[in-house]
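# A closer look at the structure
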Amino acid sequence: MTIKIGDRIPAVELLDSDDKPFMLDRYAGAPLLLYFYPKDDTAGCTREAQEFSAEKAAFDALGVQLLGVSRDTAAKHRKFAAKYDLTVPLATDPDGTVLEAFGSWVEKSLYGRKYMGIDRSTFLFDAGGQLVQAWRKVRVPGHVEAVLAAAKDMAAR
């Protein structure tokens, strides 16, 4: 079952950048911006993480917590964050169960070859833990600005 607008933050387990498990629903009670990305240290994923990091203070001012998730290991996340001075926390979904819960583990195609992979996607939850907006098949240019505008709009309500 894929998450949809109005659904609550699911009680699913991720690993933090120290390989410690935590439940995603621990973020309920404050707005959360959750984004899924395919792979650490690739061009699009690096740019997205850098842009979210550059706007972290603006999200913080709105009380919005940020969390980036991929299937990369915690060790890769630490190396990625250190290499690019990232300030956005990163988590890992080693078995893909969280990605599946969000409908972000999808069939892709490259040069006619079909494979399963991560759909770059972003989810904005309000302070009550309800999904208020989702972006799927994200293109990085302009995305962080659009998400920040949505977070500002949500905060103004």
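What counts, and at which threshold
Per chain, residues are indexed from 1 in the order of the written sequence. The model is predicted, so local features are restricted to residues of pLDDT at least 70 and side-chain atom pairs to those at 80 or more, both for listing and for counting; the totals for chains, interfaces and linings are taken over all residues. Computation of side-chain values covers all heavy atoms of the structure but excludes hydrogens and water. UniProt positions are given in the numbering used here, feature names are shortened, and annotations may be inferred rather than shown by experiment. Numbering of helices and strands runs from the N terminus, with a helix taken as a DSSP run of H or I at least four residues long and a strand as a DSSP run of E at least two residues long. Residue exposure (1.4 Å probe, protein chains only): buried if accessible area is under 20% of the type maximum, exposed if over 50%, otherwise partly exposed. All accessible areas in this document rest on Shrake-Rupley with a 1.4 Å probe, and a residue is counted as covered only by the protein chains that are shown. Two residue types count as positive, namely Lys and Arg, and two as negative, namely Asp and Glu; His and chain ends fall outside the count. To locate a charge, take NZ of a lysine, CZ of an arginine, CG of an aspartate or CD of a glutamate. Should DSSP find at least two bridges between two strands, the strands are taken to pair. When the strands point away from the viewer and the connection leading from the first strand across the helix to the second strand turns clockwise, the crossover is called right-handed. For a helix, the expected span equals 1.5 Å multiplied by the number of residues minus one. Contacts: residue pairs with any heavy atoms within 4.5 Å of one another. Only Phe, Tyr and Trp rings are paired, with Trp represented by its six-membered ring, and only when their centres lie within 6.5 Å; those with planes under 30 degrees apart are stacked, over 60 edge-to-face, the remainder tilted. Throughout, nonpolar core names a set of buried Ala, Val, Leu, Ile, Met, Phe, Trp, Tyr and Cys residues whose side chains join them through atoms within 4.5 Å.

Going by an unreviewed UniProt entry, the protein carries the name thioredoxin-dependent peroxiredoxin and comes from Sphingomonas koreensis. Per UniProt, the protein has the following entry under Subunit (unreviewed entry): "Monomer."

Quick look at the overall build of the protein now. Looking only at helices and strands, the protein has 5 helices and 9 strands in total. Element order for the protein, N to C, with α for helix and β for strand: β-β-β-α-α-β-α-β-α-β-β-β-β-α. Across its three principal axes, the protein shows a C-alpha extent of roughly 45 × 35 × 30 Å. Counting all 157 residues of the protein, 45% fall into the buried class. As presented, the protein carries roughly 7800 Å² of accessible surface, and 53% of it is formed by carbon and sulfur atoms. The averaged location of the 22 negative side-chain charges in the protein is 4 Å from the averaged location of its 21 positive side-chain charges.

With 5 of its 6 residues buried, strand β4 (residues 65-70) lies for the most part within the structure. Two elements, strand β3 (residues 32-36) and β4, share 5 bridges in a ladder whose sense is parallel. Its bridge partner lying in β4, L33 is registered against L66. Pairing of β4 with strand β5 (residues 90-92), which is carried by 3 bridges, proceeds in the parallel orientation. Of the residues in β5, the one forming a bridge with G68 is L90. In this view, the connection linking β4 to its parallel neighbour β5 by way of helix α3 (residues 74-84) has right-handed handedness.

Bringing helix α5 (residues 143-156) into the picture now. Helical geometry note: an α-helix holds 3.6 residues per turn, so side chains three or four residues apart project in the same direction. Taking 1.5 Å per residue, 14 residues should reach 20 Å; α5 reaches 20 Å between its end C-alpha atoms and fits that length. Elements in contact with the buried residues of α5: β3, α1 (43-54), α2 (56-61), β8 (121-125) and β9 (131-135).

With that settled, the discussion passes to the packing of aromatic side chains. Tallied over the full model, the rule gives 10 aromatic pairs. A ring pair is formed by F36 and F123, whose centres lie 5.8 Å apart and whose planes are at 75°; its orientation type is edge-to-face. You can see F36 sitting in strand β3 and its partner F123 sitting in strand β8, a full 87 residues away along the chain. This pair shows no difference in class: F36 is buried, exactly as F123 is. Between Y37 and F80 the ring centres are 6.3 Å apart and the planes differ by 35°, which places this aromatic pair in the tilted class.

Further remarks concern the nonpolar core. Judged by nonpolar contacts, the single largest core of 23 residues is most densely connected at L33, Y35, F52, F59, V64 and L124. Counting only elements with at least two residues in this core, the list comes to β3, α1, α3 and α5. Ranked by residues supplied to this core, first place goes to α5 with 6 residues. Residues within four places of L33 in sequence aside, it is in contact with F52, V64, Q65, L66, L67, T122, F123, L124 and V147. Listed in part, the 20 residues of the second largest apolar core include I9, F102, F123 and L131.

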